[in-house]
Every structure is written in C-alpha cells, then in structure tokens.
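# Fold and contact review
Chain by chain, the residues run as shown.
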Amino acid sequence: MTRILAVARRRLLHSIPVVAIVVLGVFALLEAAPGDAVDAYLVIGGGDAEMIQRLRQEWGLDRSFLARLGAYLTALAHLDLGWSVAFARPVSAVLFERLPNTLMMMAAAICFSFSAGTLLGIAAGARPGSLRDRILSLVSLGLYAMPSFWLGLMLLVGFAVKLAWFPLGGIESVGMGKTGLARALDIARHLVLPVLSLGLIYLALYLRLMRTGMIEAWRSDYIRTARAKGLTPRRIAFRHAARNALLPVVTMLGLQAGALLSGSVVVESVFAIPGMGRLAFEAVTQRDVPLLLGVFLISTLMVILANLFVDLLYARLDPRVAAEG
Amino acid sequence: MKLGSSRRGFLAGSLGVGGAAAVSRFGWAQGAARQGGTLVVAADSEPRNLNPAIIASNGVFYVASKVIEPLAEQSYDGDGLAPRLATAWSGAADGKSVRFTLRQGVTWHDGKPFTSADVAFSALDVWRKLQNLGRVVFKDLEAVETPDASTAIFRFAKPTPAQLIQNALPSLTAVLPKHLYEGTDINANPANTRLVGTGPFRFVEHRPGQFYRLERNAAYWDAGKPHLDAIVYRVLPDPGAVAAAIEANEIQLAAFSAVPLADLARIGKVPGVVVVTKGYEGITYQLTVEINHRRKELADMRVRRAIAHAIDRKFVIDTIFLGYAKPAAGPVPAFDTRFYTPDVATPGFSTRDAERLLDEAGYRRGGDGMRFRLRLLPAPFFEQTRQFGDYLRQALRAVGIDAEVVRNDTPGHLKAVYTDHNFDLAVGSPVYRNDPAISTTILYQSGLPAGVPFANQYGYADAEVDALIAKAAATIDGAERARVYRDFQKRVGEQQPIIHVAEFSFISVARDRLRNVANNPRWTTSNWADTWLAS
Amino acid sequence: MRAVLRRFATGGGIAGTVLFALVVLAALLAAVIAPGDPMAMAGRPLIQPFSDWRFPLGTDRLGRDVLAELLHGARATLIVSGAAALVTLLVGITIGTLAGFIGGRLDDALMRLADAFQSVPTFILALAFVSIAGPSLASVVTAVSLGAWTAPARVLRAEILSLRRREFVDAYRVLGMPPLQIAFREVLPNALPPVITLAAVIVANAILVEAALSFLGLGNPNSVTWGAMIAEGRAVIRSAPYLSAIPGVAVVVTVLAVNLIGDAANEAIHARRVQVP
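The following paragraphs examine the structure supplied in this document. Every value quoted in this text rests on a predicted model; they were computed, and no experiment measured them.

### As for the overall build of chain A
Scanning chain A from terminus to terminus reveals 13 helices and 2 strands. Projected onto its principal axes, the C-alpha coordinates of chain A cover approximately 85 × 55 × 40 Å. Relative to its full complement of 325 residues, chain A shows a buried share of 46%. Looking at chain A alone, contacts between residues at least 24 apart form 74% of all its contacts between residues at least 6 apart.

As structure tokens, then:
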C-alpha cells in the first residue's frame, strides 16, 4: 500500500511542472493567434468601433498578457477554471457537459480494442505462421494503416447510410424523451460506429503487440519447461505466454490515453458527437483561452491518471516490479 | 389571406423533379391547418447570446424569432410589411419623428402585459445602444414618447428617412420585456439565453450541443395560432447528417442550406422531400471580391476592372452554386426593385479585355507569364466563399496574375482583413438587409476606424461616393432617396471598389408534411405562427 | 550489410518497398501524367469513375480531375510527411542527445518538457497550432513535429545514457575533446540505429496527422492533399462515395507501405544487433 502511495506521489509531483508548462504554452499560443475572442464573436453580425471596444473591456481582453495570465493562475489555484466567453458560461460547466460523451466513447473504445486485440493477438501468436495468424496479421496491418476519420466515414456510408442499421450521428436521439434503460440502449446504438472507428485501429495495435509478445514468449525457457511438463498448448498459451506478453500491451495502454483523445477529435467531427475533441476545436476557432486551457488541463489530468493506473497495474502483473518495491 | 399567396409562392420557388410532379405533390386539399405536432428542424450553430434585440443576425433569429417578435415582418404582399407588435406606423414630413400604433391585448410569456414602455425601453436602451445594426440606423434617435400604452413616437435629432426605419423593422426591432431588463446589465441578463417574449412559442430548454426546445404559447395574441405544439432545433453541425436525418424523417426542415447544394438534386427526388428556394429574399448574401486599395496595382481602376473581366460569373453560378444563385451587378440585389438599377457598367467576362486593361495599366506579363503576385484571402464563412477562392486563383492565373491562397479561420480572417489590412484580395459575403443604409453603404463609406468588420477597410475613398451616401441618409422622400441610391450604384459599378460576383441566399429542404413553408421573404427567421404539420 | 538486406527482403519488406515505390513514382510522374494545375476545374462535375476516358477516376464536385488530384496529392503527402519526419528526428535527436549526455538540470528540464508534450493530446495541439498559425506547408510540418519529437528524444536519451559510461567516451574525455563534440560526433552515431527504426513509425504518423488536419480544413490550401479530398467528398458522400473512398485508399496504401518497410527494417536490424555480440 505504501508503495502504491509512493508511486502516486512521485507521479503527482512530476505532474506539477507539466501542468505549468501546459498552461504557459496554451496561453502563449493563443496570445500569438491572429484575432481574439471578440473578432470571433463579431462574425455573426459585425459592430462599430465603440461596441467592439466595450466588448474587449467586458471580456478582459484589453488587459496585458501577464495580467490575464496572473488572473487565470490565481483562479486556477482556487480550482476555478474561469469563464468561457464563447459559451457565456463557466468553463467547468461546459467541460462537464461534454466530458461524459467523450469518456463513454473512449472507455468503450479502450475496452473493445484491448480485450478484442489481446484475444486475437493470443489467437494469432499461439501458432505463428498458421493461416489464422496470417489472416489476422494482414487484417491488422490494413486496419493499422487507416486514418480513423476515413474508417468512420466508410462505416457511416456502409452501416448508417446504405444499411441504416445505426444512426448517422449524435450521441442520442433528440426529443424522444427516453429515460433509463431505453436511453442507455439508445446511446449505446449511437456509440457503436464511433467506437468501432476509434477502436479498430487500436485493436490492430494491441493485436500486433500481443502477437509479438507471444512469439517471444514461445522462445523462452520457462515455456519450454512448461511444455516438457506436458501442459496442454492452450493452457500454456493463456496461463504462461499470454501473461508475459501482456506487459508491453499494458504499457501501450497508458501511452494511448492521450492518443485516444486526439483520435476522438476527428471521430467526433465525423459522427457529430458533442465531446471534448469538438469542444477543443470550437475553443480554438472562438479564441476562447480559458476554455481551451480547460480542455488541455482535463486531458492532461486524464493522461496522468491513466499512467498512474498503468503503473499500478504493471506492478500487479509483473512480479519483478512488485518484488523491487 | 396569406394562404393563397404563400401557396403560389411556394410552387414558384420549389425545385424538384419538374413542375408537373411538384404540382401533383402539392395538390393537397385546402383544408384547415392541423393543430399539434412537434416540428424538429436542424440547427448548425448555437449562438452564445440568443437575444435578437442585441444581436441582429440570422443564427440568432432562427431560434429567437419564434419567441421574441419585431414590430413588423417582411411580406410578399402589399407594401412589403406585415404588422406584428405594431399595427400601423407613419413618418412625419420633416423626417424627425415616426409614430407607431401598437397591438393591444398582448402579454409576455411571464404573464405581464406588453405596452409602449417596452418599445421605448428596447429602442433607447437596447437597439440604439447595444445592437450591432441598430447602432447605425437608430444613432439619431433622441427620445421615444409614450402618450398611452399603445402608442410610441420615435423622435430623431436629425432628419431620418422613415423609409429606412420602416425597412429596418423586421430585423432591427425585436422588443424586449422592460420589466426583466430594466436596471440590469443588459448584456449579461439571464434572459438573453432563456428568452422571454410575446411570440407564438415559449423558450423551454437549451441542451448545449444537442437541442433547443420551444413550446406553444397558448396565450398568443393571434387567436388559434400557433398550430404546432413544439419546435425542436436539433444541433447537427455535419451537412451529411442533416441530409440523412431529413430523409429518415427525423427532422422536417433543414434551413440555411444545411443540406449541401451538391446533394439537392438527389434529395429532391426522395419521396416526401421538397427543395425550397424561396423564403430568403429578405436576407440576400452577395459573393464579393474585396480589394485592398492600398496596394498600388489595385488602386488603379483599370486593374480592378480587369479582375472583374477575368471572372466568369456563369461558371461560378453553374459550378460553384450549382445554379442556386444569380449574377450580381452591384451592391443592391435585383430582388429589391425599389432601389435596384440594372443600368450599371459592370465588366462582363472577357479575358481579352482583362489582359488589354492590365497591359494598358502597365503590368505586362513577365518571364514566367505572370504580371504580379497577390495574396488572396477567401473568407471561411461558406463552402462557396472557399471554393470561389480556389476558382478566383485559377481565373486570375489565366490573365497573368499569380494569386496565392491564404486561408484563415474566422477570427484570423476578420483580423487580417478588417483590422490589419493584411491582404490584397479577399472573398467576402456581405448581407443586404432590405435597405442600402443598413449594412451596404458602410462597405463604401470612407473614414471608418480600423477593426470594424464588414465595413470599408479597403482603403477606398471616393468623394463622390461619400457625398451620395450622405445625401441619401438625409433624404426624407422615399422616391428621391431611391434615385440617389441608383446614382450610387452607377458610380461604384464604374469604379468597382468591390467586385460583386453573385447574389445568393439559402435553400431549405423540407418534408412535404410541413405546410406554409417560405410564405414570407424572411420565412426561416420569422415567427412560424401559421406553420403546421400535416399528419 | 548484405545480411541485413537479405533479412529485409521478406514478403512484407518487398511488398512494402514495391508499394512505396509506386507512390513515389506517382508523385514523380504527376506533372507528366496530369500536367497543369490539378486544382483546375477542368470538366463536368461529378463524372463517375471509369465512365469517361479523359477522367479515368472521375471528377469531383467542382469538376476537378480526381486522378490528377490523387497523383499531385501523393507528391504533397510525401513532401509534408518527409519534411515532418525529418524535422521530428532532428529535434528529437538534438534534445535527446543534450538531455542524455549533459544530464543534470538540463536533462530534468527537457524531460519535464517531454512529459508535458506527452500528456496533452498531440492532435489537439497540432490542430490549435495550425488554426492559429494559418495552414501552410511550414505550419503543418511544425504541427506534426510538435506532437512527435518526444519519442525519438526519449529513445535516444536512453541509448546515450547507456553509452556515455563506456570506455571510449572516457578516452575522448581524457584526450580533451569538448563534451558537445563527443556527444554529437562520437556517441550519437552509435546511438542512432534504434532511432532510425523509429523513422518509419514517424513517417506513417506524419501522413496520418497531415491527412486528419487537411480533413478538418487545415491543410495547405495551395496544394491538393488527400485529407482535403476526403473532406470535399463528404458533402456528397451519399451520391458519390468514391470521392472520399479513393483518396482514403491512397492514404491506407501509403501508410501500409511505410509500416511494412519499417517492420522489415526493424526485424533485419534487430536480428543483426542480437547476433553481433
């Protein structure tokens, strides 16, 4: 337990400078941007010089870079993410509206790609060079080369437009007044295609990693020992080879947390899902500094937590790490 | 009284599989409107502030016009206006006052009565002070007198043409409830996102990223209306999803060209779906080439006319707009016959004339076949402004002008063109709003400070144009004022400070169950009190 | 070297090389097969593929020749992803070498910087950067590199950390060679092989990121890109799905080729490194 706490503490201490760099970086990036939130706002109807000046004042955009940065950091220290000028609401309110959609999509994509990927990887790696292995490897190579947005579009054309099995987009049917289980099922139906387009590509990655791990495991001494003991191939594959092959896959899982959020931007755009990725895009085009910072901070937090989780999982899976601690 | 004209209008404007099929499709029995039903429509944006009295823009009106009403609405009939909260209006001969008679027996959605005090408050504290367009049109409004609850007299410090005020009624005069706004910070009032009005629908809910929901106002002043129980605006930013949703009958209307032009021919053949081109005349957009006159080549009228000669308007309309646009001659669209004049020397398509003018101006083709280089900034506002940017690059190369396309997002584009003047050519899409003085002459008038978007930031200054604009602003007589604007069109037609390429508006795609569609020139941004859904 | 080549020449390695050669050939011959401006609106809009010999792959919404766009798109893709990979490797190698060889505070600072870059979603960072800098070749290349430099930097740093304690480094120190010279001239070349095998991953990633940026309208507007073609086709995806499908296949083929080459190279080099000691 103390070891777990130590791991967590080290992670969190490391993350303080990381957060500082992210805040500074995003602030500086938007500072360098042509046009500010008022410019973005004016597109809907224009306005005269006096009105524009008044808006800049009201939104605090006439203050210096350092004054704005200072105000933001002070608020952040009080766990206040600030006010979104684009949405005219607190940033936290906007974020927590969108976060569940993205989290649902990401969690489903991770579960799908991790479980299916490792299982298929075991299947492929159990007998390297077999027909099954070749087919699976070929498919995973193809999937791994696909841009997720294109895969999403093609799935959309096939399964939503032509076959009409799934809805065309959105997170749930609007205005149907569904509740409880009916609503959950409705959301699940909406998530199938986005999760597939996000998950299939990572499935390919996990499959490849798992397969490589399995092949290496077959060559190792302890598997030979297990074979000599006369254990069935199936038992060896699952009990011994797979357990060791899983380690690099778990490492990758942690690394993918950030990448998955990246992938969700385009997939959310294809399937019109109001999530974090689309929010980030809107924050940039609206030049909404606090909102973009909010998106980056939340995703940084998610990545830090995912890595912490993987550290702990790793410790549990790998007896050597556990012994060291 | 509306039904006859609307039906005629609808047929005239509906494209589909040809006239015969269209007639049979609409040959329904003229029965009474069906009460009830929820209309689901597509929305592509969610404005941060929904208050139409502060932000006069179509994105806001689309939702807000059902809840908050203006004094009058545009109409295909009569003098072009239909009464809403005002029932009659007349301007004084000296141009210094306009008298409005207001509708009686109207209540706000919260039950309080609507009176002339609401109009006075909205005009003085909101339209004149805060509204993007009202700050121009009502700048000389000095006071609003309210002798009784149903009369409001607008007093102007300087003569202001009653014609202009009348033309501004549909877009600029959304009336707010004084009792909710008085004494508050109007820009930050919670009623800006949870609207309270007098309109046929009450604002019920906005779930960001998902939908707006409006419900029937049972106490609406026009007895028996509205017909619909509710309107749901489903947020669908992706055009493909919009087309699919209307085919699946998940939504009954996709307005503002939410269905891409390229998909219209196909979707028009889907049973139960109609393509409607009417109902947007009051919000005509113009595809323009904005020119930076600070650049010495472009300050030369011959070069500007050469660029205009290089543009094949027919190609632009047939290919980029797929026929859903008209060639434009100048700053006033042909639809507005009160002001429009065809008598303008607009350069026609001729690469030979273009090359001749460029040679005359002294810019001969160099070794690489190019005369000079330009930076071209297409506005990111519409798919067509971007595509026209690509076309213009190609058209300019054909006459020896090397244009490099620079693409920015919206704030980047506004900053580059209207604040930093960091462009040579830009593709723009200004809106003509029912009177040249509302948002059109400002594109030509000189002496405006930098940073004001959709205004003359082009470095163009012409004494004659400025004089004509000033003269029209002080001309009270409507016919005389129109004459001044015709002179204005002739002058800018010759000078080509801005090149007008096409006038376009939006296309609606609707289910044929939806009735009374497009029955006024601002239909999508009007109140939909008479809209109904057949079973 | 010959042994490495022989091991590289597996089924995957050959297939990858052939596919990649085809893409390169397409890029090189673009101007010959489809002369003129590929963005020119050349014919009737929306001609179906294989129906008009002048436009073998049909035309798009504005009558642009899809084949010409595809070929010129190969060129743009190779230029952008090649440049992005080069910049990524250069930045990664420089930072990795400095961090690994100098160590101490600089190492700490650089690694925290890498942490920061790895804990933000890199695509969102790239998207924000291009939106703000305006889409152009330089901004897209920078954006791709921003998200990718950490991997080679970390790999190289680890490699250098294990090499800097070797005897030959001490020997150069004793000889009085300046530390940076030792780092870049003597240690770096020995630490490079694992980074080189990363190159394929970086190129493949660059192609995918560039395509995604273009898909969102953030590609270089003065050249044709496959991502932008996919996005263009989206508006008419129901009546002309080929417009999105064709450039997508081109992306898949190119990325697949790069991945195959990378895998084969990795195995070939890996095998050698295992054998030598």
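### Regarding the pairing of strand β20 (residues 498-504) of chain B
Residue and element names in this part refer to chain B. Counting buried residues along β20, 7 of its 7 residues qualify, which places the element largely inside the surrounding structure. Pairing analysis gives 6 bridges linking strand β14 (residues 284-291) to β20, with the strands arranged antiparallel. Within the sheet, the bridge partner assigned to Tyr285 lies in β20 and is Phe504. Both strand β15 (residues 326-327) and β20 contribute to a ladder of 2 bridges, which runs antiparallel. For Lys326, the partnering residue across the bridge sits in β20 and is Glu503.

### Some details on the nonpolar core
One finds Leu292 of chain A together with Ala126 and Leu127 of chain C to be the most contacted residues of the largest nonpolar core, which totals 358 residues. Per-element accounting of this core gives the leading share, 17 residues, to helix α3 (residues 66-102) of chain C.

### Topic: the interface of chain C and chain A
Listed as interface residues are 34 residues of chain C and, on the opposing side, 37 residues of chain A. Looking at the side of chain C that touches chain A, the elements with two or more residues in it are α4 (104-119), α5 (122-133), α10 (193-215), α11 (226-234) and α12 (242-275) of chain C. Here the residues of the side of chain C that touches chain A are counted per class, giving 23 nonpolar, 7 polar and 4 charged.

### Some words on helix α13 (residues 351-360) of chain B
Residues and elements named next belong to chain B. If you check which residues of α13 are buried, you get Ala354, Leu357 and Leu358. Projection of α13 onto a plane perpendicular to its axis shows the buried side chains occupying an angular sector of 100 degrees, all on one side. Along α13, exposed side chains directed more than 90 degrees from the buried face belong to Arg352 and Glu360. Taken together, the buried residues of α13 touch α11 (301-310). Of the residues one or two after α13, Gly362 is the one with positive phi, at around 95 degrees.

### Considerations on the sheet that holds strand β8 (residues 151-156) of chain B
Residue and element names in this part refer to chain B. Judged by pairing direction, the sheet is antiparallel, and its 4 strands sit side by side in the order β5-β6-β8-β7 without closing on themselves. In this open sheet, the two strands that pair with only one neighbour each are β5 (86-91) and β7 (141-145). Recorded for the sheet is a direction-independent mean angle of 15 degrees between the axes of neighbouring strands. Summarising the sheet, strand β6 (residues 97-102) and β8 pair through 5 bridges and their orientation is antiparallel. Residue Phe100 lies in a different strand from β8, and its bridge partner there is Ala152.

### Examining the interface of chain B and chain A
Put simply, an interface is often sized by how much accessible area is lost when its parts join up. Listed per partner, the contact involves 40 residues of chain B and 30 residues of chain A. For the side of chain B that touches chain A, the elements supplying multiple residues, two or more each, are β2 (38-43), α5 (134-137), β11 (230-235), α8 (239-247) and α15 (410-419) of chain B. Here the side of chain B that touches chain A takes 6 residues from α15 of chain B, the largest share from any one element. Residues of the side of chain B that touches chain A, tallied by class, amount to 21 nonpolar, 13 polar and 6 charged.

### Concerning the environment of Ile311 of chain B
Residue and element names in this part refer to chain B. Looking at where Ile311 falls in the secondary structure, it is placed in the loop between α11 and α12 (313-320). For Ile311, a count of 25 C-beta atoms within 10 Å translates into the label buried. Counting along the chain gives 37 residues from Ile311 to Gly348, while the straight-line C-alpha distance between them is 8.0 Å.

### Structural notes on the pairing of β6 of chain B
Residue and element names in this part refer to chain B. With 5 bridges joining them, β5 and β6 adopt antiparallel strand pairing. Within β6, the residue paired with Trp89 across the bridge is Phe100. Connecting β5 to the antiparallel partner β6 that follows it, the hairpin turn spans 5 residues, and Gly95 within it adopts a positive phi of roughly 75 degrees.

### Topic: the packing of α5 of chain C against helix α6 (residues 137-148) of chain C
Residue and element names in this part refer to chain C. Viewed as axis vectors pointing N to C, α5 and α6 meet at an angle of 155 degrees, and their least axial separation amounts to 8 Å. Considering their axes alone, α5 and α6 lie roughly antiparallel with respect to each other. In the packing of α5 onto α6, the handedness of the crossing is right-handed. In this structure, α5 uses Thr122, Phe123, Leu125, Ala126, Phe129, Val130 and Ala133 to contact α6, whose residues at the interface are Ser139, Val140, Thr142, Ala143, Val144, Leu146 and Gly147. Grouping the amino acids of the contact of α5 with α6 by side-chain chemistry returns 10 nonpolar, 4 polar and no charged.

Quick notes on the rules
Residues numbered from 1 in each chain as written. Chains lettered and ligands numbered in written order. Predicted model: local features only at pLDDT ≥ 70, side-chain atom pairs only at ≥ 80, totals over all residues. Helix = DSSP H or I, 4+ residues; strand = E, 2+ residues; numbered from the N terminus. Buried ≥ 20, exposed ≤ 12 C-beta atoms within 10 Å, placed from the backbone. Contact = placed C-beta atoms within 7 Å. Pairing = 2+ DSSP bridges. Core = buried A, V, L, I, M, F, W, Y, C linked by C-beta atoms within 7 Å. Nonpolar A, V, L, I, M, F, W, Y, C, P; charged D, E, K, R; others polar. Arc of directions from axis to C-beta. Axes fitted to C-alpha atoms, helices over the stretch in contact; angles between N-to-C directions. Parallel < 35°, antiparallel > 145°, perpendicular 65-115°, else oblique. Left-handed = near helix turned anticlockwise from the far one by under 90°.

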